[in-house]
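# Observations on chain architecture
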Amino acid sequence: MMRGLAIMFRKEWREFVRDRRTLFLTCVMPLVFYPAAMGAFGYLGSEQNRSLREAPLRVGVVGAGLGHLWQSAGGEGKLQEYASMQAGQGDLRAGRVDVILEGSQTASGWNVAMHLWGTADREVVQKRAREQLAGIEKFLIHANLARAGIPVSAVEPLQVTEFDGAPVREAIGSKVGGVVAYFLIFLAFTGCMATAVDVVAGEKERGTLEAVLATPVDVRLLMVAKLGFVSLTGMLSALCSLAGLAAVGLLGTAPDVRAGVREILDANTLAAVFALVLVATVLFAAVMLNLSLAARSAKEAQSWTSPVFLLVSLVLIYAMLPGIDANGGMRWVPVVNISLAVREAFCGTLSALLFVTAIGETLLLGALAILIGGRLARSEDALFRAA
Amino acid sequence: MRGRGRRRVGRPINVGPGRILSHLRRIDSLAPAAPCGLDEGVIEVRGVSKTFHPGRFGPKQSVEAVRGVSLRCLPGRVFALLGPNGSGKTTLLRMIASLITPDEGAIQVAGFDTRRDGRDVRRRLGFLTNAALPNTRLTAEETMDYFGGLHGMSARHVQQRRDLLFERLDITGFARRPVGGLSAGMRQRVAVARTLLHDPEVVVLDEATAGLDVLAAGNLLAMVRECRQAGRTVLFSTHIMGEVTLLADDVGILHQGRLVFSGTLENLSANRISASLEEEFVRLLEGRAA
């Protein structure tokens, strides 16, 4: 039996390594493209954020004395004075100023209106303008208190100092663990999808499956070999992605992040993540093979696997959202629990209960899918369904 | 694993000493098989019916693909199964190759029941369809290694058979090129070598010349002749009368799942009413339809 499995497995492997398209999809993309894209987006995003944070604020002011107040209070940035709000509206729309402050002095202080152009690209500078206004407010309060001879502590009785107790590993794991979990499981899925359609529906369409079935080989053994092979390509895809992402984390980040990534990649975490992704991959492989077996042609198989692809993508995106954790019902939702467990493993906070639940439930579902596949593999209608 | 012991407890039909010798021998060439009595059918089909029912993967309505067909293919002879498209030829051949199971009736191939001893049947049978071309990303050599392994042949035996077949079929020159880059005729030759690799007693061809050019089809027909000379039983389906007159010893005409004629080619030719065999074929089908 093992010899038969080895023969079938070797044949699938030979075909796989000669199919450049599938090889590119399952190995090159996860190893190079996705991590490089993620690294590039991360770098460009942080650079953009930095430039927005560091660029001088461009503040328009309308109203006598407001510009003077801004400068006296130590407000940053370049000031542009306008005679009226209408005069500055064009500059605000065109982005020549970030905000326009329109204000007038009253007996008790100042009434200030902040005019902004609420697009996503200006959120950072607008936040900075708000912080500057808060600073001006504080300046005015302190001045009033000084005039009245009241100490500042009378209005600011609470002094808060923040201490972050989270270990570097947990801090980094919580930030990137969700994204890495998404990539690992998503690519395990696409790795299975890329080969499952070809090794069953494709072979059925090309007639090569019928030639194999005309030999004394046991069809169930054949399907076991195909399941093993499809699972292997799924795992290969996930591991390539992990290797690529780890390389980005270890080479392309700040030294403190690098140290955190090194801490995350310990043997226990990797073993737990491997086990979690493996069971998910076997489930994906079994489901994909079943759809491929039931389809008349590779095209039909692709049209059946596409909705599953969308469903898995949505489920994984949901699991990645902030605030979604394994407490309560989420522990029992298939795929979501695997994704959450992978994230927790990267944070170093994976509980035994979540690990066992995620592995156990996925294994059960995988066994069910394999059972259905066993029935399909004996179905003449499914095997010899003509396109 | 079912072996010869299982065969004894089965229901062998007319298994003489010659047949047993034929099954036991390890053939290393295309040498003639051991002779069999002419009354012994290597393929025995008895009252076989097959209906495809509507279902999850089945047709939209019930299709009676094969209805009460009985036929016998004698050893060392070529049996042509003739019929128009949709007459049930492929279904019948798949049942003979134990790929699908008959609803009624029984089929025995080389003494083995297709329903009970499917693997033994497939061990002794070479099955080739025009659709089942070799895997395009493997070379001809790798294809032979793969199929030899599936048939449980040793590496040495595979190599011997491969070398012999490659020489006979003139494959050696392109044996290490991926099949996907070969012409249709070359691919067909690789498919033929794959079919004959395990030295089957019975060769079943399902419209194997369909879609081939004249040269490739000619090569395939030559292979059928060679199989007959080597004492193999060949059952082939076609809808081309020319192939039948060139090759067949016996003819069965299938129409709408029923066998409307079964006999020798001489018999069909001698008793025909029409001017030619083609016209006789059409007459038989139309008569049946009427």
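Residues numbered from 1 in each chain as written. Chains lettered and ligands numbered in written order. Predicted model: local features only at pLDDT ≥ 70, side-chain atom pairs only at ≥ 80, totals over all residues. Heavy atoms only, no water.

## Here we look at the interface of chain B and chain A
To be explicit about the condition: Note on contacts: a residue pair qualifies if any of its non-hydrogen atoms lie within 4.5 Å across the two residues. Note on terms: buried area is the combined drop in 1.4 Å-probe accessible area of two parts once they are placed together, counting the loss on both. Think of a salt bridge as a Lys or Arg side-chain nitrogen and an Asp or Glu carboxyl oxygen that are within 4 Å of each other. Polar contacts, as used here, are pairs of N or O atoms within 3.5 Å; protein pairs need one atom able to donate a hydrogen and one able to accept it. Residues neighboring in sequence count only if both atoms are side-chain atoms. Labels follow the DSSP assignment, with helices taken as runs of H or I lasting at least four residues and strands as runs of E lasting at least two, numbered in each case from the N terminus.
In this assembly, 34 residues from chain B lie in contact with 30 residues from chain A. Together chain B and chain A conceal approximately 2900 Å² of surface at their shared face, both sides included; 55% is due to carbon and sulfur atoms. Here chain B and chain A share six salt bridges between them. Where B:R94 meets A:E210, a salt bridge forms, and the shortest distance between an N and an O atom there is 2.9 Å. At the junction of chain B and chain A, the tally comes to 11 residue pairs in polar contact (both at pLDDT 80 or more). Listing elements by their share of the side of chain B that touches chain A, those giving two or more residues are β1 (43-52), α4 (118-123), β6 (125-129) and α5 (140-150) of chain B. At five residues, α5(B) tops the list of elements feeding residues into the side of chain B that touches chain A.

## Observations concerning the sheet that holds strand β4 (residues 110-116) of chain A
All names here are of chain A. Our working rule: Note on pairing: DSSP must find at least two bridges between two strands before they are called paired. Axis lines are fitted to C-alpha atoms, over the contacting stretch for helices. Their N-to-C directions set the angle, which ranges from 0 to 180 degrees.
As summarised here, the arrangement of the four strands in space is β2-β1-β3-β4, forming an open sheet in which the pairing is mixed. Lying at the two open borders of the sheet, with one neighbouring strand each, are β2 (78-82) and β4. Each neighbouring strand pair of the sheet contributes to a mean axis angle of 25 degrees, computed without reference to strand direction. Sheet analysis places strand β1 (residues 58-62) next to β2, joined by five bridges and oriented parallel. For G60, the partnering residue across the bridge sits in β2 and is Q80. Packing of helix α4 (residues 85-94) onto the sheet brings it into contact with β1, β2, β3 (99-105) and β4, and relative to β3 it is tilted by some 160 degrees. Of the strands in this sheet, β3 and β4 are in contact with helix α5 (residues 123-148), which crosses β4 at around 175 degrees.

## Some points on the pairing of β1(B)
All names here are of chain B. Going by this rule: Exposed residues in this analysis have more than 50% of their type's maximum accessible area, buried residues have under 20%, and partly exposed residues fall in between, with area computed by a 1.4 Å probe over protein chains only.
The buried fraction of β1 is high, at seven of 10 residues. Inspection of the sheet shows β1 paired to strand β2 (residues 63-73) by seven bridges, in the antiparallel sense. Note on β2: the bridge partner recorded for V45 is L71. Relative to strand β4 (residues 104-109), β1 is paired through five bridges, and the arrangement is antiparallel. Paired with E44 across the bridge in β4 is Q108.

## Some details on the confidence of the model for chain B
Residue and element names in this part refer to chain B. For the record, the criterion: Confidence of the predictor at the level of single residues is captured by pLDDT, which takes values from 0 to 100.
On average, residues of chain B score 81 in pLDDT, and 82% of them reach the 70 mark or higher. Averaged pLDDT values over the elements of chain B bottom out at 36 in helix α2 (residues 17-24) and peak at 95 in α5. Note that residues 1-38 has pLDDT below 50 and, in this model, 80 contacts with residues that lie over four places away or in other chains. For this predicted complex, the interface confidence score (ipTM) comes to 0.81, while the overall pTM stands at 0.80.

## Thoughts on the environment of A:L311
As for its position among the elements, A:L311 is in helix α11 (residues 298-320). A:L311 sits in the exposed class, given a relative accessible area of 55%.

## Observations concerning helix α6 (residues 168-206) of chain A
Since the α-helix packs 3.6 residues into each turn, any two residues three or four apart lie on the same face. Residues and elements named next belong to chain A. Condition: To estimate the expected span of a helix, subtract one from its residue number and multiply by 1.5 Å. One axis fitted to the seven residues ending at a residue, another fitted to the seven starting there: the angle between these axes is the bend at that residue.
With 39 residues, α6 extends 54 Å between its outermost C-alpha atoms, agreeing within 8% with the 57 Å of an ideal straight helix rising 1.5 Å per residue. The principal kink in α6, of about 45 degrees, is found at V176. Of all 39 residues in α6, 28 are buried; the element is thus mostly enclosed. Following α6 by one or two positions, G207 has its phi on the positive side, about 85 degrees.

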